[in-house]
Amino acid sequence: MRLSKHVAPVYALTAGSVTGHVFPDCEGGPLASNAICNTALDPITRAASLVKLFTVPELINNTVNRSPGVPRLGLPAYQWWSEALHGVANSPGVNFSTSGEFSYATSFPQPILMGATFDDELIKSVGSIVGMEGRAFNNYGRAGLDFWTPNINPFKDPRWGRGQETPGEDPYHLSQYVYNLVVGLQGGLDPKPYYQVVSTCKHFAGYDLEDWDGTVRYGFNAVITSQDLVEYYLPPFQSCYRDAKVGAAMCSYNAINGVPSCADVYLLQDILRDFYGFAQDRWVTSDCDAVQNIYSPHNYATPQQAVADALKAGTDLDCGSFYEEWLPIAYKESLITETDLLTALVHQYASLVRLGYFDPEERQPYRTYNWSSVDIPIARQLAYRAAVEGIVLLKNDGTLPLPSSIKNIALIGPWANATTQMQGNYFGVAPYLISPVMSAMDDGYNATYVLGTNITSNDTSGFAAAVAAAKEADAVIYAGGIDLTVEGEALDRYSITWPGNQLDLIAELQMVDKPLVVVQFGGGQLDDSILKGNASLFLVNALIWAGYPGQSGGKAVFDILSGKVAPAGRLPITQYPASYVNEIPMTNMNLRPNLTSPGRTYIWYTGMPVYEFGYGEHYTTFCYKWVRAPATSYSIQALVDGGKYAAYLDVAPFATLAVSVTNTGNWTSDYVSLLFASGMYGDAPYPNKVLVSYTRSHGITPGTTATAELPITLGNLARADTNGNFWLYPGIYELALDTSGVLTSKFKLTGSAAQLTSFPQNTMTS
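Turning next to the sheet that holds strand 12 (residues 392–396). Across the sheet, which stays open at both edges, the six strands sit in the order 12-17-16-15-13-14 with mixed pairing between neighbours. Taken across any chain shown, the strands that pair with only one partner, and hence form the sheet edges, are strand 12 and strand 14 (446–450). Direction aside, neighbouring strands of the sheet carry axes that sit 20° apart on average. Summarising the sheet, strand 13 (residues 408–412) and strand 14 pair through five bridges and their orientation is parallel. In the strand pairing of strand 14, Ala410 is matched with Thr448. Packed on one face of the sheet, helix 16 (residues 502–510) meets strand 13, strand 15 (475–481) and strand 16 (516–521) and runs near 175° to strand 15.

To continue, consider the nonpolar core. Counting residues in each nonpolar core, the largest one holds 219 residues, and the members touching the most others are Phe54, Phe204, Tyr241, Tyr349, Phe358, Leu509 and Phe654. Counting residues per element, this core draws most heavily on helix 12 (residues 338–354), which supplies eight residues. Aside from chain neighbours lying at most four places away, what touches Phe54 is Leu59, Asn62, Val70, Arg72, Leu73, Leu75, Leu345 and Tyr349. Of all hydrophobic cores here, the second largest spans 32 residues; its members include Met132, Leu181, Tyr366 and Leu382.

Once that is clear, we can look at the confidence of the model for the protein. Per-residue pLDDT for the protein has a mean of 96; in total, 97% of the residues score no lower than 70. Confidence drops under a pLDDT of 50 for residues 1–19, and excluding neighbours within four residues, the segment shows 48 contacts in the predicted structure.

Here we come to the environment of Asn180. You can see Asn180 is positioned in helix 5 (residues 171–186). Residues Asn180 and Ser125, spaced 55 residues apart in sequence, show a C-alpha to C-alpha distance of 8.4 Å. Contact partners of Asn180, with chain neighbours within four places excluded, come to Asp120, Ile123 and Lys124.

Let's shift gears to the pattern of salt bridges. In the structure shown here, the tally under the stated rule is 35 salt bridges. Of the charged contacts, one joins Glu165 and Arg162 as a salt bridge, the two residues approaching to 2.7 Å between their closest N and O atoms. Arg570 serves as the salt-bridge partner of Asp738, at 2.7 Å between the closest nitrogen and oxygen. Of this pair, Asp738 sits in the loop between strand 26 (731–737) and strand 27 (743–750) while Arg570 sits in the loop between helix 18 (553–562) and helix 19 (601–604); the two residues are 168 residues apart in sequence, bridging distant segments of the chain. Linked by salt bridges that have partners in common, Asp119, Arg385, Glu389, Asp670 and Arg696 make up one network.

Cut-offs applied
- Residues numbered from 1 in each chain as written.
- Predicted model: local features only at pLDDT ≥ 70, side-chain atom pairs only at ≥ 80, totals over all residues.
- Heavy atoms only, no water.
- Pairing = 2+ DSSP bridges.
- Helix = DSSP H or I, 4+ residues; strand = E, 2+ residues; numbered from the N terminus.
- Axes fitted to C-alpha atoms, helices over the stretch in contact; angles between N-to-C directions.
- Contact = heavy atoms within 4.5 Å.
- Core = buried A, V, L, I, M, F, W, Y, C linked by side-chain atoms within 4.5 Å.
- Buried < 20%, exposed > 50% of the residue type's maximum accessible area, 1.4 Å probe, protein only.
- pLDDT = per-residue confidence, 0-100.
- Salt bridge = Lys/Arg side-chain N within 4 Å of Asp/Glu carboxyl O.

Okay, here's the thing in structure tokens:
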């Protein structure tokens, strides 16, 4: 076996210890004469020629994430499971060194904060950096080539512990985010001849519950209408699988309408392979142990039938050991065939062909990546920029930015000295972590740090020291909120109020009568009603949401507080009042309001949010004008006829509108243009509004104007019927810029309704 000179010499990796990565020898090894090593052939042909050499036991052995390879063929072991949610991350396939080279990787903010940037080019650049660093780690045997990222399940319920891993609640926004991230990660749109790395969009589908009121994700049956499925739960996956052409998919723990996702032919064949066009050189993995969960706790089938159902449905890889244990029995009982196994393995190894796994190193630019490709200056700047652009100003009475007269700061709270806390979950080793305290000191402030209280503590013994520090300060910064002790994988919330006695401490701090700024951290939102208002007991001067801001989080926060940069992030999720959790159970997957539900997300919620989706204040002021407004009327038939050359009718253009954004204030600032559509078209009930386009304008200096281009597709304006088909309906449509509708325009669609998509119907029964 020939090893790349860039790969650590790891030879004897067993199935249970696959952590390093080596490459097959296509020059002098047993496979040299096999078509797998013939670079003139297509990936499917090459992969098929390899796997047909496997015995049935060898086929079965390699259907799990820690694949042992086939030693007699010179095919090395391979660990399919590497993570990179917001940077190369700790996982079975990733091995950070203890010091020196490959001991760290860039740690970007959590996706929930990057989603708040509404900056697609930024997200593509982040993906490119993460992909480059992942490939560099692989070249030296410290990561795989397949990264199980991103998480694109819409964040529809504020209690969900993993909402922090997603870009937010809006399906169109998520679709744009994932498209750009995947193109960045993989090295282009369906790049040839080689991927940079392979991305894996997860969790397909309807997954947004961990452990709530006795219902756990492993056995949850998500009952979802076809209408909600296509309008809300599936658009990010369609964007990922169909449009961005991601290399891999992950089926989720939950069932949908009675069928576990990893055993669902309708989901994995009819929708994924047939409707989305997920090609044969792409593969599907289960979430970890989700195949076993088909048997228990779903109680859907016996163990051997469960693995057979999963394999035949299209789950090529089992993250776990259930395939390894039960596929031999399923094969013996004729529940599966050798062809079923071959199909799964062709999908996997065709993907590795496209990664250059079997090809000469000298032909592959990606194989030149090394330690100098990690933590490069642009990566550091990008991690900082992503944090700055995402931070959202929720309230400001003029206290921010802090004036130069402020010298002494009391920095109080359980996030004030945060380091790894700023990374959230699915994180790796960062090159550095700049805490708020560190940044304050670096900026020349005389900063006094007092913990005061912990995230969930009810101990008031630290209050006195915090109040004493506040009395001596020119301004008080309280840094708190929630963290992984309150929200995370396998950890949903039951309350969306501030935990512990943090609000009690804030109340005492405001009584000191010094400028008081609250910086709220964490992925899920908290009910900030009392902080938003101006009640005498809670006179908070300014409120900022900073999510999980990553390696440069403290610097990003203080650069905004001090005015070095201006905030322009927008909330990617709705901030609900605390009572919302009593109005709808997490297990209710319906979006539309009814007699027992207030509805979900800004699209359907009938109540009054504390802060709405897309909200965000600025240090400056803007005025707006249409540069290119919509026409007064459009013929539906003409629009459809004009879209006949588009790859899909739902992405055919409607129009590219444009608005001018003029900075009429005194601070240079970015501005995010959010364009919403509303109207009574299609069937009732009607959504409040839907996001149809957005863009971010950068660095608008005082007195200057930026032009925001806002493309809209036919699909952006369409609505789904009860069968899941999208239609473009006649009627009056109103467009509104920003959450407050600072600029509006109406147009009419005339003629008969036109069907844009034909969603596959589920003929299977559970």
